[in-house]
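Here is what each chain is made of, one letter per residue.
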Amino acid sequence: MDEQNSETRNGEGRDVVLSARGVTVAFGSKVVLDNLNLDIYRGEILGFVGASGTGKSVLMRTVLRLLPRRSGNIKILGQDFDELDEPQRNALDMRLGVLFQQGALFSSLTVKENIQVPMREYLDLPQSLMNELAKLKIRLVGLAADAADKYPSELSGGMIKRAALARALALDPELVFLDEPTSGLDPIGAAEFDELIARLRDTLGLTVYMVTHDLDSLFSVCDRIAVLGKKRVLVEGTIDDMLAYDDPWVQAYFKGKRARSIVPQNGHAGENSLAQDSRGK
Ligand SMILES: Nc1ncnc2c1ncn2[C@@H]1O[C@H](COP(=O)(O)OP(=O)(O)OP(=O)(O)O)[C@@H](O)[C@H]1O
């Protein structure tokens, strides 16, 4: 890993792996993000929430350069894509992994071939080595070895998510973007997927940016949460910070009926609430 010039540090001395400053994104006259600021720290799992249609996907797509921004700058691993030439951009892209909503696997490719797509795009490796690497990734995400030669249509929803995660991890990224990774999974499958994310963060040292509507994910695996509202990051911090934040949507989301089954009734999340998981209760 290239540590040189790859980090910036904030006032608390934490490594900032993604820093967005003054980001504005609009479609015609419709401004979706307005002067948004966000930091993501190395090794954390950041849960990104917000009401439907507030711009969570737009921000992720903007960060990944799939959408243009009107103003502001974004640094990833200490580098600003706008200042890089093509080879440098490719080198930075290789350090990022992305799991889009619905998994977004190529339906005409097997799991193994899907995982090898980024390898083919960025690396020049012999087929035998790519096969070995794909096998490793398949094992890493907890899929059976025989999933390698299956097509997406032959997989369950949970297996598709895992296969998509294996593809996101194909190039050993440092920062992984997950867009609603547990949506569509049953509670047990979702809890298992959360555990997998936490384990991979611990073992691979990943930093995870996770867009989610899943309260259980927020309470069980996220170190910090950022709430998108009013076209910017309204509040970021721990569950306790969310509970204390005086905003109707934030209060309704984190103290509403569904949240009450997860948060202790005194309203104080405390240390353990981030490690507990109430799915299926
Ligand atoms: N390519 C586009 N052109 C025009 N408007 C867009 C485009 N992409 C997104 N939008 C608009 O931007 C807003 C934010 O959309 P976005 O998909 O980011 O919301 P979201 O917070 O991810 O919602 P959800 O939680 O429902 O997935 C919406 O009003 C959407 O219609």
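Scroll up a little and you will see the structure.
Scoring rules and cut-offs
- Residues numbered from 1 in each chain as written.
- Predicted model: local features only at pLDDT ≥ 70, side-chain atom pairs only at ≥ 80, totals over all residues.
- Helix = DSSP H or I, 4+ residues; strand = E, 2+ residues; numbered from the N terminus.
- Buried ≥ 20, exposed ≤ 12 C-beta atoms within 10 Å, placed from the backbone.
- Pairing = 2+ DSSP bridges.
- Core = buried A, V, L, I, M, F, W, Y, C linked by C-beta atoms within 7 Å.
- Axes fitted to C-alpha atoms, helices over the stretch in contact; angles between N-to-C directions.
- Parallel < 35°, antiparallel > 145°, perpendicular 65-115°, else oblique.
- Left-handed = near helix turned anticlockwise from the far one by under 90°.
- Contact = placed C-beta atoms within 7 Å.
- Near = placed C-beta within 6 Å.
- Nonpolar A, V, L, I, M, F, W, Y, C, P; charged D, E, K, R; others polar.

Please give an account of the overall build of the protein chain that cites residues and values.
In terms of helices and strands, the protein chain carries ten helices and eleven strands. Every one of the 281 residues in the protein chain was classed for burial, and the buried ones make up 38%.

So what's going on with the pairing of strand β7 (residues 96-99)? Which residues, and what values?
Here β7 shows two buried faces, one formed by Leu96 and Val98 and the other by Gly97 and Leu99. As paired elements, β7 and strand β8 (residues 175-179) share four bridges and run parallel to each other. Within β8, the position partnered with Gly97 by the bridge is Val176.

An account of the nonpolar core is needed here, citing residue identities and associated values.
Core analysis: the largest hydrophobic core is formed by 70 residues, its most contacted members being Leu46, Ala163, Val208, Tyr209 and Met210. Counting residues per element, this core draws most heavily on helix α5 (residues 157-168), at seven residues.

Tell me about the packing of helix α3 (residues 111-122) against helix α4 (residues 127-140), residues and numbers included.
Their axes nearest at 9 Å, the elements α3 and α4 cross at an angle of 110 degrees. As far as their axial angle goes, α4 and α3 are roughly perpendicular. Crossing geometry of α3 relative to α4 is assigned as right-handed. Contacts from Val111, Lys112, Ile115, Gln116 and Met119 in α3 reach Met130, Asn131, Leu133, Ala134, Lys137 and Ile138 in α4.

Account for the environment of Cys222, naming residues and giving values.
On the secondary structure map, Cys222 appears in the loop between α7 (215-220) and β10 (224-229). On a C-alpha basis, the gap between Cys222 and Ala244 in space is 17 Å, while along the polypeptide they are 22 residues apart. Setting aside anything within four residues of it in sequence, one finds Cys222 in contact with Ile45, Leu46, Gly47, Met210 and Ser217.

Residues and numbers for the sheet that holds β8, please.
Here six strands make up an open sheet; going across it, the order is β7-β8-β9-β4-β10-β11 and the pairing mixed. The sheet is open, and its two borders are formed by β7 and β11 (232-237), each paired with just one other strand. Strand-to-strand twist in this sheet, taken as the mean axis angle between neighbours without regard to direction, amounts to 20 degrees. Note: β8 against strand β9 (residues 207-211), five bridges, orientation parallel. Bridge assignment links Phe177 to a residue of β9, and that residue is Tyr209.

Now, about the site of the ligand: what can you tell me, with residues and values included?
Near the ligand you find Phe27, Val32, Gly50, Ser52, Gly53, Thr54, Gly55, Lys56, Ser57 and Val58, and these make up its full shell. Ranked by residues supplied to the shell around the ligand, first place goes to helix α1 (residues 56-63) with three residues. For the shell around the ligand, the residue count by class is three nonpolar, six polar and one charged.

Lay out unusual backbone geometry in plain terms, naming residues and giving numbers.
Residues other than glycine predominantly adopt negative phi, and peptide bonds predominantly adopt the trans conformation. A positive phi angle is found at Asn35, which is not glycine, with a value near 60 degrees. For Asn35, a count of 13 C-beta atoms within 10 Å translates into the label partly exposed. You will see that Lys230, though not glycine, has its phi angle at about 55 degrees, which is positive. Within the fold, Lys230 resides in the loop between β10 and β11.

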